[in-house]
Each structure stands twice: as C-alpha cells, then as structure tokens.
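Below are the chains, spelled out letter by letter.
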Protein chains: 6
Amino acid sequence: MKITVSRKAHFNAAHRLHNPAWNDEKNQSVFGKCNNPNYHGHNYDLIVSITGEPDPETGYVMDMKILKDLIKSEVEDPFDHKNLNLDTEEFEDLNPTAENIAAVIWKKMRSAIDDAFEVKITLYETERNYVEIG
Amino acid sequence: MKITVSRKAHFNAAHRLHNPAWNDEKNQSVFGKCNNPNYHGHNYDLIVSITGEPDPETGYVMDMKILKDLIKSEVEDPFDHKNLNLDTEEFEDLNPTAENIAAVIWKKMRSAIDDAFEVKITLYETERNYVEIG
Amino acid sequence: MKITVSRKAHFNAAHRLHNPAWNDEKNQSVFGKCNNPNYHGHNYDLIVSITGEPDPETGYVMDMKILKDLIKSEVEDPFDHKNLNLDTEEFEDLNPTAENIAAVIWKKMRSAIDDAFEVKITLYETERNYVEIG
Amino acid sequence: MKITVSRKAHFNAAHRLHNPAWNDEKNQSVFGKCNNPNYHGHNYDLIVSITGEPDPETGYVMDMKILKDLIKSEVEDPFDHKNLNLDTEEFEDLNPTAENIAAVIWKKMRSAIDDAFEVKITLYETERNYVEIG
Amino acid sequence: MKITVSRKAHFNAAHRLHNPAWNDEKNQSVFGKCNNPNYHGHNYDLIVSITGEPDPETGYVMDMKILKDLIKSEVEDPFDHKNLNLDTEEFEDLNPTAENIAAVIWKKMRSAIDDAFEVKITLYETERNYVEIG
Amino acid sequence: MKITVSRKAHFNAAHRLHNPAWNDEKNQSVFGKCNNPNYHGHNYDLIVSITGEPDPETGYVMDMKILKDLIKSEVEDPFDHKNLNLDTEEFEDLNPTAENIAAVIWKKMRSAIDDAFEVKITLYETERNYVEIG
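Keep in mind it's a predicted model, so treat the numbers as computed, not measured.

Analysis parameters
Residues numbered from 1 in each chain as written. Chains lettered and ligands numbered in written order. Predicted model: local features only at pLDDT ≥ 70, side-chain atom pairs only at ≥ 80, totals over all residues. Heavy atoms only, no water. Helix = DSSP H or I, 4+ residues; strand = E, 2+ residues; numbered from the N terminus. Buried < 20%, exposed > 50% of the residue type's maximum accessible area, 1.4 Å probe, protein only. Areas by Shrake-Rupley, 256 points an atom, 1.4 Å probe, with all protein chains shown as cover. Lys, Arg positive; Asp, Glu negative; His and termini not counted. Charge placed at Lys NZ, Arg CZ, Asp CG, Glu CD. Least-squares fit on C-alpha atoms with pLDDT ≥ 70 in both. Contact = heavy atoms within 4.5 Å. Pairing = 2+ DSSP bridges. Axes fitted to C-alpha atoms, helices over the stretch in contact; angles between N-to-C directions. Parallel < 35°, antiparallel > 145°, perpendicular 65-115°, else oblique. Left-handed = near helix turned anticlockwise from the far one by under 90°. Expected span 1.5 Å × (residues − 1). Bend = angle between axes of the 7 residues up to and from the residue.

1. Overview of the overall build of chain A
Here is step 1: Check the secondary structure of chain A and you find four helices and five strands.
Here is step 2: In sequence order, chain A lays out its α and β elements as β-α-β-α-β-α-α-β-β.
Here is step 3: Seen through its principal axes, chain A has C-alpha atoms that stretch 60 × 25 × 25 Å.
Here is step 4: In chain A, buried positions account for 61% of the 134 residues.
Here is step 5: Put simply, chain A shows about 5,700 Å² of open surface, and 48% of that area lies on carbon and sulfur atoms.
Here is step 6: If the 15 positive side-chain charges of chain A are averaged to one point and the 24 negative ones to another, these points end up 4 Å apart.

2. Overview of the relation of the copies chain C and chain B
Here is step 1: Taken as rigid bodies, chain C and chain B are interconverted by a rotation of 180° and an axial shift of 0.0 Å, the fit giving an RMSD of 0.0 Å. Put plainly, the chains are arranged around a two-fold axis.
Here is step 2: A share of 100% of interface residues in chain C that are also interface residues in chain B marks the association as one of identical surfaces.

3. What to know about the pairing of strand E1 (residues 3–15) of chain B
Here is step 1: For E1(B), the tally of buried residues reaches eleven of 13 residues, placing the bulk of the element in the interior.
Here is step 2: Pairing of strand E5 (residues 129–133) of chain A with E1(B) involves five bridges; the strand directions are antiparallel. Within E1(B), the position partnered with Glu132(A) by the bridge is Thr4(B).
Here is step 3: Where E1(B) meets strand E2 (residues 40–52) of chain B, 13 bridges bridge the pair, whose relative direction is antiparallel. The partner of Thr4(B) across the bridge, within E2(B), is Thr51(B).

4. Let's talk about the packing of helix H2 (residues 64–79) of chain B against helix H4 (residues 98–112) of chain B
Residue and element names in this part refer to chain B.
Here is step 1: At a closest axis distance of 11 Å, the pairing of H2 and H4 adopts a crossing angle of 140°. As the angle between them shows, H2 and H4 are arranged oblique. Along this stretch, H2 crosses H4, giving a crossing that reads as right-handed. Seen from H2, the contacting residues are Leu67, Leu70, Ile71, Glu74, Val75, Pro78 and Phe79; seen from H4, they are Val104, Ile105, Lys108, Met109 and Ala112.

5. So, helix H2 (residues 64–79) of chain F
Here is step 1: For H2(F), which comprises 16 residues, the first-to-last C-alpha distance of 21 Å matches the rise-based estimate of 22 Å (1.5 Å per residue) to within 8%.
Here is step 2: The largest bend in H2(F) is about 40°, located at Lys72(F).
Here is step 3: The set of residues buried in H2(F) consists of Met64(F), Leu67(F), Leu70(F), Ile71(F), Val75(F) and Phe79(F).
Here is step 4: Turning to H2(F), the residues buried within the fold contact strand E5 (129–133) of chain E together with strand E1 (3–15), strand E2 (40–52), strand E3 (82–83), helix H3 (84–87) and helix H4 (98–112) of chain F.
Here is step 5: One or two residues past the end of H2(F) sits His81(F), with phi positive at roughly 60°.

Next up, the structure:
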C-alpha cells in the first residue's frame, strides 16, 4: 500500500512580480504592491511530499534525512536569503509568482528523486496564500 | 501542468444544530451540546482552493486579490458575525453542520468561478474538526 | 526559584456586545457587527498560568491534571456551547467583551487556587485578538 | 456529493527504530539517533479523515463524537504514554517508523468503520515530518 | 485591575543587514547571508499589546478596530511590500535588524496611543526568531 | 531601551516520572500514565529569551546564530533523541518533569551567557502544557 511522506522546510527571499512585455502602468495595475521596483520579501514555507511503497527492511518510504539534505541542496542553498529576480538563473526570465516558484521547485525535486516515487510540492507564500503542484 | 492555489479566510458565527422533524429528546440525544436552543458559536477558518493552468502572462492561476474579494462578497459579508440559523436564507431550512456549511460555500464559490477551474472548500469548525468538499 | 506552568483549553460560545444604557444607534456605532441582536460566536482559546515554587517531592508546581480538571469545572462546564448573554449568570448584566470574559475567568480561577500561587489568564477571542489579566 | 470529515487527536509515546536482522553498526548507520537503545519519544499528532455522503437527517457524514471515541479506544488507549516497542503487540516485530505506525492505525480504523466510508490517516511525528495513508 | 489587549498583524518586506562604517569583509563576517547586497525578505508577524483599565461603559481597554486601523496607518501602509532599506525614511541610516524594526514600530505606536496606556511590541522575523520591546 | 530576543528550538526525548523514595502505588497514584516503567516521550519545543541592550554597531542584542549554536551545544546535543532518565547525568537523580527540565536548561544557558543579559526559558511539553522560568 502506498504511503506519502512529507518534509517541511523554509527559505527567506526577496522578489518582485513584473512582466517585461508590459509597460509600468499595466504592471502596476496587475501586480499592485507586488510590483514594487525595490522588491519585497517573504518567508516561504515549503512541503515536499513523496509517495511510494515503504521498504520492508527499513519501514521507510524515504529516509527523511536524505529528503532534508536534497531540499537543502536543491532549494535552500540556491534560494535562501536571495533575491529571486537578481540572484537566481531560474527566475532571470520567469516571473517569481508562488505558482512559478513551486513549479521550478517541483522540476528540481522531480529530477533529483527516483521515478518510482511521486513528488508533490506545497509552497506557502504567506500564512493565507499557498500553492500545490504534482 | 495544473496548479492549485489556496486562500485562507475566516468568519465568526453563531449556530444551533437542530432537526425540526424530531422532538426535543431526539435532537438532544443526537446533537448534544450543539443543540443548545440559545445557540453557541465558532471561529470558522475557511480555505478556498482553485485548480487550473497558470496564465503565462501573469504566472497566476488566479489573482489572489480577486479570490480574496470573491470570498468576502460570497462568504464573509453574508456569514461573518451572523447567526447562521436566524440571519441567513441558506440555513433557514438546512441544519448548519460543518458539512452543510461547506457544501453551501462550495456551491456559492463554484457559481462565482469560471468552469475552467476546479473548486475545493476546506472548513475548520474548530482546530480539531474540519471538513472538505470538491 | 519560581516557575510558571500553563495549561491551554478552549470553549465555543455565542455572545453579543451591547450596553443596555445606550440606544440602538449608539450600540451599533460602538460595537458594529458585534452588536448583532441574534448573536455571533467564537472558539475561545484559554491559557491558565500558575506561578509558584515546584514541590521537591513531585517536581510539579501544580499537577496539570488537577489544573485541567479545575478549568473544566470552572470554565468549560459553565461556558462551553453556551450563549454567554442568555445562558450564564456572570454575563446577565456584564457585557461579554474579551476583557470582561477574561476578568470573570480570572476571578473564578483565583478563588479556586491556593493563594501561594499567582494566577494569570490569557484569552484568545480570535487568532488575531487576545487579552491577558493577572 | 461526497464530503470528507477529519478529526485531530494526539498521543505521546517512546520508540526506537531498529531492524533485528542487522548488526548494531548497520542499524546505527541507517537509523542514526533514532536507533538509541534507550528510546526517545514524540508527541504524535493524528488526523483521521472519513469520506462519505452526509446523512440528510443529521447533516453529518459521521458524528465527530463517535469518531473521537473510536480514536480514543483504537489509538489513544493502546498507544498514549506507551513505549511502542515494549508495551504494544503491534510493534513487537514491526519497526515503529511513522510509516508503519500510520499503517497500523489505518488498519485499526479501517476495521472499526463501515465500508461505506473511505478512511485516510495523517500522522505527524514532528512538526516537520508527517506521513499519509489511505 | 489592568488588562492587556493584543492585536496581531503582518507585513511582507525586503531588507539587508549592513553597517556602512565597516568594509565588505566585516559586514559579510558579522551578518552572513543577511548581508546579501540584493536583499532578501520576510513575512513579519507583528503583535501590538496595550495595557490599561477597561472602560466600564464599553468593557473595552481599547476598541480593536481602532488599534487595527492604527497599525495599518503607522506600520502596514509604510512598510508592507516595501524594501525597508530603500523605500523608508526610518531605515535610511538605521540597520533593519528585527530589534531596530521593533524599536521603530514601538516609537510610532507609543506616539499614536494615549499615555494612559502601556505599549509593547512583539515582532516575529521568522517562526523561530522574534523580539519584544516595551 | 532593553529588548528581548527569542530563539525557538526543539528536541525529542523519552522520559518517565518517578520518585524513588515512594512505592509503586504512590508513584502510580501521583504520576499516572507518566509513571509507565518503559517510558513515553515528547517533542519538546524550547524558547530561549535573552534581554539586553542592542549593540549600536550591529543592531543586535545577540546574534541569533550564536544563540542557535549555544542551544545546540547546551541542550540539543545532550538531550535530543535521548532517554532523559537513562542517558543524561542531569536527570540521574532528578525527576524529569517539565519544570525540572526547564530549570536545568535555564542553569545551562545562564552559565553560557554573559551576565549583562537576562535569560528566560519557555518549554512546551505538549501543545497544551508549558512552563516558564527566569
């Protein structure tokens, strides 16, 4: 029987929502305060969920220490205490909405984890706004 | 790839569980303290989840400000600081259990949101009891 | 050295804020939505904190089971699933603001607990509004 | 339309992760600090979720008081304040990982609840690690 | 008897820790990741606590709607979705550590609130780090 | 003006409440389920609060990285994933109630931190029971 194991992590980052194909007025109209040219920031809470069969020898679907380390190398090291627009390759040409950040994290974790497992990402941008993918 | 975006809100309301087709003894036996004729109340925590494809121009599945405003007009304005049994049309003839409140909210949000999106409602009646629909 | 021990509990109740010495217009102006004549309600989260010297034989300032039972008999039994305005003697002539509810609970707990201990009450009316006394 | 109702509970227990088919070195290498021969412990937060059609007479999928009592008799009474390895039959020969504890609880709740309902278990071992089954 | 009433709010901002009197090496050594020249950000959770005597006519120490509006005009409007270093006068020459942000907010709220009341500020920079003043 | 900075941490441990000067019947009567001879366990949430004047050069009362490392060496390394009764010197002859654990941690942190600062410890044994000292 399949079981899902989840690990919570977090990172703190600055970002700005902006579509370079639009003029300032349209960017301001669509993204409002999130369009501030000097950036604002968030404490992002991240949950990575892995679904699979437990290994009968360990009783683990996946060792949480391994998942914790993967989240650190794939997400926390590149994104924590960074400006997503300026300091990362992933968002150089991609608007760092919660949806796009979650999609980028999903692709990174999906590549890093064996295909025998399903991968799901939950990302809280604030306590009241969050997104899920996978 | 589909993404789910969720927005949390809350409202405070009084209610009473009661089936008018039953006598007082049966109502008391089934609904216990929740049958108090003078009502009791809750802080209802509500999560509205919308699933769809992100718009490539905005990077949004749905603008959270739009969803926040919809929740205000459809749920908070009619239900917040109200007596669900006495002050609302929806529960004039419907027992305001968490299940029924969630189903009413689901119908209201489902009508208000484009059919291209899936809609799910999560409603916490207390920190320990909650329901999901959709 | 003194130590403070705290126990969390909760109760769900309906209430209405109203000053009978005022006319409806003034009540509505001061208390707004909280003045709804049909009541609204809350999940009240309560913390009772007791400060004193630990007993060297038990290592306890106070047995948490005893404190839990006192909160049940003094607060949960009379207030849980009740309409504070209609179902309780304490708020027959006292406006059930969070401040007044906390003060009533403080007096009840202060009477029930040995004078060797200090007593403090924290009462959350919502996740964002709370009061402290003692 | 189907609705899911969930009830949260918790229990506090000691455990040790260990595979008796392995030597001490391999157990230490795989399970790390969780292999401590003198045990360590957790506050386990448990969510039991039941999916079904609401009863039109009550408006309930399942009376939460009944579900609360079932969780008490099936999970809290046998596991709360226990050493899972030493004090329970279920983990006499089964490694008490979060995955295995959740699977044991799922089987117990599945047997106790009418087949008309789906049953899902969510078990938090810590605030950052949790598992889901069903 | 004095009672403390508290109101929670939040704002999202970018910042950078930096002492212009030091060279880059020393700034990096002291402030680490928080010295990133492109800024990072946080969801700041703020609690404003007011202590005083309840008004016997209202049962309020202070109307929470008034306190909510004061927090909005004094803190949320100038700081929410801003870069504290670049977009605010207060941190033009003041390092925006949690301690300094809390002290600035305390001074603003202290000036805005009648001297009959005591004012205390609690500011969460992350779920694990917070400061208190007043 | 003095500011308090707080850092949250946690550790998971097994323990048993027992007074060796009493017979089994009295231990069982006083400590109930907590007297289980095979131990039970908890996720202990710890808050260490330090009060002092911010350093004008850094804007810090204390660098949170230094406090985090002190909590690791003084509390997490010796207590995390341990049996407090069997694996630690501190509780060899001291009943590991929440009060006594908090007092031991207070003494360890008080010794490790400069006398210019005040030290306070908050220890959650469960979500509903916690103690404060200092």
